[in-house]
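What follows is each chain in one-letter form.
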Amino acid sequence: MRAFFQRYTWVITLFLLGWIGVSGYYVIRFREKAQAQAQGRELLEAQLREANEAQKSAIITRRVSSQLEEIAYQQKAISDQQRQEAIHQTQIAEQMRDHAELEREKAIAAQQTALEAYEQMNAQKRIAEARREEAVMAQMRADSLARLALARSLGVQATKQYEADNEPLAALLSYAAWKFTAENQGDLYSPDIYKALSLCCKLSRQWRIHRGAVRSILSYSQAGHMYLLTASQYGEIYRWTLSGNLLTDRITLFNNQQYDVRLLHEDKINLRLFALCQGGQLLIISSKDKVEIKELPLSQPVGMANWEGQIAIASKKGDLRVVTPDSWATQTLYQHPCAITALTVAQGELLIGDEKGRVYQIDHQGKAHAIWGQITRPITSLCFQETTGHLAIGYKNGLAQVVGADRKAQQLSEHVSPITCIRFNGTHLYTSSMDGSICLWQLNEQTKSSAALVYQGKSWLHTFIISPNGQNIIIGDERGDLNWVVVDPQRMAEEIHKQLQRNFTPEEWNLYIGEVSAYETYLSK
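Remember, predicted model here, so these are calculated numbers, not experimental data.

**Quick look at the overall build of the protein**
Helix and strand counts for the protein stand at 6 helices and 28 strands. Burial status across the protein gives 41% buried among its 525 residues.

Here it is in structure tokens:
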């Protein structure tokens, strides 16, 4: 046995080793498998737990979802209910909006009706106010017309009282006539008013200074002073200083009876004066009062004017000449077929009037164009107003015409003797005549105009000028007198007021004025 074991020890050992190895292998495999099974069980348990958790979560989720679904259905039901309510509210809102729109339209219609009614009320109110204003204006016009008619009547009464040598009452009446006219915006140059003021103011002055007839008067300024130049047929040329309404400091510039001075003229550029004589002599008076005599080839001058830097001279013989200053060269611009009787300048063109009653325009080439000839009587005076385009024409028979730019003429008939001089002063026209009178005309659209008598002398009047301030006219007559006449109604009324000696008595007021105006006192005690 022992030998058996000795012989087969190594086999047994190998077998045992093999068995141990195989057992070990299977043990290891078993362990590994057991471990794997244990891990699998753990994994499975984990998965089972996860599945359980997932199942629980799914159950919870399903329950939550079910609840949410239920809530959603509830919300949907609520939403449907709210939507239905909203639709209902919308329908109500639309109904209310339609109702509101209808009410708004009714309100607008009512407002429009109210506005129309308001406008009608305002229109009626305006009509009523306009009619009331018209009634007030009509009453005011009636009152004004009554006062103006009273003023003219007072002017006539003043003239009558003045002619009856009742000067205190005449002064009261003339001042009352002026006051009523001025307060009611009437015409202060109305002949009845103006004549009364002119008679009662006693502002006119007269100087017997020239030996011969005063033929020309000229006012001019020099070195800031105003001067007046007067010239007579006896060759006398005097210069006066114009100070307000006074003539002072008379200076004799020329005195030689061999020279019959007819026209005075001012050369403003060279500060000198010209005096043209009947025989064609031209006296040139310098700014230093020196006199130089030039003989011109002409005679019987009827007009002299500045024209294109030269001196235009028209003569009764029918020739129109142009004299160049300083060289004194003389040339004939135009020869008229009959006597020229008047000359003036209109808008840079020469105008002449002739003995047949026609007015011609002479151009720069010496060609004549007839522009007027309505009255076939000799023209004695022409005057053109640049601002309005009016041409004033005086005739030998005492008539005067004012021709507008539209060739419409006003005929002025007051003088009975030849017109000697015509002057414009704004909307007024002054005319003088050989009958010794000066008339004032107001230019208007009427075909007939009435004249206010400004001055009535006892001898022929040859010339006059209007003072620079427009308040006076200075007149030269045949006897050599120089007359100073105030023509401003305001100035005359102020002077009359200064001279008043008393007030109206109540009886005089009732007689001349009556109930048209309450009693007034003009003279302060």
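Past the structure itself, the notes keep going.
**Some details on the packing of helix α3 (residues 167-183) against helix α4 (residues 191-201)**
As a packed pair, α3 and α4 sit with axes 9 Å apart at the nearest point and diverge in direction by 135°. By the criterion of interaxial angle, the relationship of α3 to α4 is oblique. In this structure, α3 crosses over α4, and the sense of that crossing is left-handed. Counting all contacts with α3, which are made through Ala170, Ala171, Ser174, Ala177, Trp178 and Thr181, the residues of α4 involved are Ile193, Ala196, Leu197 and Cys200. Residues of the contact of α3 with α4, tallied by class, amount to 8 nonpolar, 2 polar and no charged.

**Remarks on the side chain of Lys179**
In this structure, Lys179 sits in helix α3. Of the polar contacts made by the side chain of Lys179, one reaches the side chain of Glu183; its length is 2.4 Å.

**Side note on the packing of aromatic side chains**
Inspection of every chain in the model, using the stated rule, returns 11 aromatic pairs. Aromatic pair Trp207 and Trp240: ring centres 6.2 Å apart, planes at 45°, arrangement tilted. In this pair, Trp207 sits in strand β1 (residues 205-208) while Trp240 sits in strand β4 (residues 236-243), placing the two residues 33 residues apart along the sequence. Taken as a pair, Trp207 and Trp240 share a single burial class, namely buried. Here the aromatic rings of Trp509 and Tyr519 are separated by 5.2 Å at their centres, their planes lie at 65°, and the arrangement is edge-to-face. With Trp509 in helix α6 (residues 506-512) and Tyr519 in the segment after α6, this residue pair connects regions lying 10 residues apart in the sequence. The exposure class assigned to Trp509 is buried, which follows from its relative accessible area of 2%. Looking at Tyr519, the relative accessible area reads 39%, which means it is partly exposed. An aromatic cluster is built from Tyr175, Trp178, Phe504, Trp509, Tyr519 and Tyr522, whose rings are joined through pairwise contacts. Between Arg239 and the ring centre of Tyr227, over which it is positioned, the NZ or CZ distance is 5.1 Å.

**Section: the sheet that holds strand β10 (residues 301-307)**
The 4 strands lie next to each other as β10-β11-β12-β13, forming an open sheet whose pairing is antiparallel. Two strands lie at the open edges of the sheet, namely β10 and β13 (330-335), each paired on one side alone. Sheet twist, expressed as the mean angle between neighbouring strand axes with direction ignored, is 25°.

**Structural notes on the pairing of strand β28 (residues 481-486)**
Extensive coverage of β28 is indicated by the burial of 6 of its 6 residues. Note that β1 and β28 share 4 bridges and pair antiparallel. Each bridged residue has a counterpart across the sheet, and for Trp207 the counterpart in β28 is Leu482. Of the pairings in the sheet, the one linking strand β27 (residues 472-477) to β28 comprises 5 bridges and is antiparallel in character. Paired with Gly476 across the strands is Leu482, a residue of β28.

**Here we look at the packing of α3 against helix α5 (residues 489-499)**
Two elements in contact, α3 and α5, have axes whose closest approach is 10 Å; the angle formed by their N-to-C orientations is 140°. With respect to their mutual orientation, α3 and α5 come out oblique. Every pair of crossing elements has a handedness; the one defined by α3 and α5 is left-handed. Note on element contacts: α5 touches α3 through Pro489, Gln490, Ala493, Ile496 and His497, opposite Ala171, Ser174, Tyr175 and Trp178. Class assignment of the residues belonging to the contact of α3 with α5 gives a composition of 6 nonpolar, 3 polar and no charged.

**Here's the deal with the side chain of His428**
You can see His428 is positioned in strand β23 (residues 428-433). Judged by relative accessible area, His428 falls into the buried class, the value being 9%. Not counting residues up to four positions away in its chain, the partners in contact with His428 are Tyr189, Arg423, Leu440, Trp441 and Gln442.

**So, the pattern of salt bridges**
Here the structure, examined in full by the defined rule, presents 17 salt bridges. In this structure, Lys202 engages Glu167 in a salt bridge whose closest nitrogen and oxygen atoms are separated by 2.4 Å. Of the two residues, Lys202 sits in the loop between α4 and β1 while Glu167 sits in helix α3, which places them 35 residues apart along the sequence. The exposure class assigned to Glu167 is partly exposed, which follows from its relative accessible area of 32%. Its salt-bridge partner being Arg211, residue Glu236 comes within 3.2 Å of it at the nearest N-O pair. Pair noted here: Glu236 is in strand β4 and Arg211 is in the loop between β1 and β2 (214-222), with a separation of 25 residues, a long-range link. Looking at Glu236, the relative accessible area reads 1%, which means it is buried.

**Here we look at unusual backbone geometry**
Of note, Gln185 is a non-glycine position whose phi angle comes to about 55°, a positive value. As for its placement among the helices and strands, Gln185 is situated in the loop between α3 and α4. Judged by relative accessible area, which is 75%, Gln185 ranks as exposed. We note that Asp289 has phi near 70°; this positive angle belongs to a residue other than glycine. Asp289 gets classed as partly exposed once you look at its relative accessible area, which sits at 28%.

Conventions we followed
- Residues numbered from 1 in each chain as written.
- Predicted model: local features only at pLDDT ≥ 70, side-chain atom pairs only at ≥ 80, totals over all residues.
- Heavy atoms only, no water.
- Helix = DSSP H or I, 4+ residues; strand = E, 2+ residues; numbered from the N terminus.
- Buried < 20%, exposed > 50% of the residue type's maximum accessible area, 1.4 Å probe, protein only.
- Axes fitted to C-alpha atoms, helices over the stretch in contact; angles between N-to-C directions.
- Parallel < 35°, antiparallel > 145°, perpendicular 65-115°, else oblique.
- Left-handed = near helix turned anticlockwise from the far one by under 90°.
- Contact = heavy atoms within 4.5 Å.
- Nonpolar A, V, L, I, M, F, W, Y, C, P; charged D, E, K, R; others polar.
- Polar contact = N/O pair within 3.5 Å; in protein donor to acceptor, adjacent residues only side chain to side chain.
- Phe/Tyr/Trp six-rings, centres within 6.5 Å; stacked < 30°, edge-to-face > 60°.
- Lys NZ or Arg CZ within 6 Å of the ring centre and 35° of its normal.
- Pairing = 2+ DSSP bridges.
- Salt bridge = Lys/Arg side-chain N within 4 Å of Asp/Glu carboxyl O.

The analysis is restricted to geometry; functional conclusions fall outside its scope.
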